Amino acid sequence: MYKRILVPIDGSATAEAGLKEAIRMAQLMQASLRMIHVVDELSFALTVDAYRYHAGELLDLTRKNGAKLLETAVATARAAGVEADSVLYENLDRTVHQRVMDEADDWKADLIVLGTHGRRGVRRAVLGSSAETIMRGAAVPVLLVRAPEA
């Protein structure tokens with residue numbers, strides 16, 4: 001059924017839950033995974049302000065952290081016997097959800113699996129929801145996975 005599963009990751013517990021589910025699905029369907037991590041303008045701007053780094057230093061650190069996340073995710077999938085690769089994007093001019101949907105189209109994904117933070121009410125209205133935007137705009141099915149409540 002699904003042979004190419006795209007998995008956006010950001011280092012959060014919900015992204016980890018999405019990755020675990022994607023690996024289980026890939027094992028059952030003998031599918032391959034592509035993990036994607038996006039260094040986006042909003043997270044970069046918030047981190048610059050929070051830590052008072054010089055922009056160049058922080059962008060380099062953010063890239064390295066993203067690469068490490070992807071390396072770990074690919075290793076986890078491969079250890080489970082799943083074919084996997086990864087893509088790191090610096091997307092300072094686009095949103096995360098735009099980049100994820102573009103990657104799904106370009107890579108010809110059959111399914112997108114991602115964790116959702118499950119925001120509700122005012123927090124969701126103010127912060128928006130990349131998961132919801134991807135779900136509504138993607139040309140392929142989207143599986144949203146919530147992390148267990150702490």
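Residues numbered from 1 in each chain as written. Predicted model: local features only at pLDDT ≥ 70, side-chain atom pairs only at ≥ 80, totals over all residues. Heavy atoms only, no water.

### Let's talk about the environment of glutamate 90
Phase 1 of the analysis: Counting through the fold element by element, glutamate 90 comes out in strand S3 (residues 84-91).
Phase 2 of the analysis: For glutamate 90, a relative accessible area of 37% puts it in the partly exposed group.
Phase 3 of the analysis: Through-space distance from the C-alpha of glutamate 90 to that of histidine 37 is 8.7 Å; in sequence the pair is 53 residues apart.
Phase 4 of the analysis: Those residues in contact with glutamate 90 that lie beyond four places of it in its chain are Val39, Leu59 and Arg63. (Helix = DSSP H or I, 4+ residues; strand = E, 2+ residues; numbered from the N terminus. Buried < 20%, exposed > 50% of the residue type's maximum accessible area, 1.4 Å probe, protein only. Contact = heavy atoms within 4.5 Å.)

### Details of unusual backbone geometry
Phase 1 of the analysis: One non-glycine residue with positive phi stands out, namely glutamine 30, at about 50°.
Phase 2 of the analysis: Summarising the element assignment, glutamine 30 is placed in the loop between helix H1 (13-29) and strand S2 (32-40).
Phase 3 of the analysis: A positive phi angle, close to 65°, is found at lysine 108, a residue other than glycine.
Phase 4 of the analysis: Counting through the fold element by element, lysine 108 comes out in the loop between helix H4 (96-107) and strand S4 (111-116).

### A few points about the nonpolar core
The nonpolar side chains of a soluble globular protein tend to be buried with one another.
Phase 1 of the analysis: Of all hydrophobic cores here, the largest spans 24 residues; its most connected members are Ile5, Val7, Leu33 and Met35.
Phase 2 of the analysis: Looking at which element gives the most residues to this core, the answer is H1, with 8 residues.
Phase 3 of the analysis: Ignoring anything within four residues of it in the chain, the contact list for leucine 33 reads Ile5, Val7, Ala22, Ile23, Ala26, Ala77, Val82, Glu83, Ala84, Asp85 and Trp107.
Phase 4 of the analysis: Formed by 14 residues, the second largest nonpolar core is a distinct cluster that contains Met101, Trp107, Leu114 and Val140. (Core = buried A, V, L, I, M, F, W, Y, C linked by side-chain atoms within 4.5 Å.)

### What about the pattern of salt bridges?
Phase 1 of the analysis: As enumerated under the stated definition, the model contains 6 salt bridges in all.
Phase 2 of the analysis: The shortest N-O distance in the salt bridge between arginine 34 and aspartate 85 comes to 2.9 Å. In this pair, arginine 34 sits in strand S2 while aspartate 85 sits in strand S3, placing the two residues 51 residues apart along the sequence.
Phase 3 of the analysis: Measuring nitrogen to oxygen at the nearest pair gives 2.9 Å for the salt bridge that ties arginine 136 to glutamate 132. Of this pair, arginine 136 and glutamate 132 both sit in helix H6 (residues 130-137), separated by 4 residues, roughly a single helical turn.
Phase 4 of the analysis: Judged by relative accessible area, which is 65%, arginine 136 ranks as exposed.
Phase 5 of the analysis: Assessed through its relative accessible area of 18%, glutamate 132 is described here as buried.
Phase 6 of the analysis: Taken together, the shared-partner salt bridges connect Arg34, Asp85 and Glu103 into one network. (Salt bridge = Lys/Arg side-chain N within 4 Å of Asp/Glu carboxyl O.)

### A word on the packing of aromatic side chains
Phase 1 of the analysis: Overall, the coordinates contain 0 aromatic pairs when judged by the stated rule.
Phase 2 of the analysis: In this arrangement the basic side chain of arginine 4 is found over the ring face of tryptophan 107, its NZ or CZ atom lying 4.3 Å from the centre. (Phe/Tyr/Trp six-rings, centres within 6.5 Å; stacked < 30°, edge-to-face > 60°. Lys NZ or Arg CZ within 6 Å of the ring centre and 35° of its normal.)

### Section: the confidence of the model for the chain
Phase 1 of the analysis: Across the chain, the average pLDDT comes to 84, with 79% of residues at 70 or higher.
Phase 2 of the analysis: Ranking the elements of the chain by mean pLDDT puts helix H5 (residues 121-127) last, at 42, and strand S1 (residues 4-8) first, at 97. (pLDDT = per-residue confidence, 0-100.)

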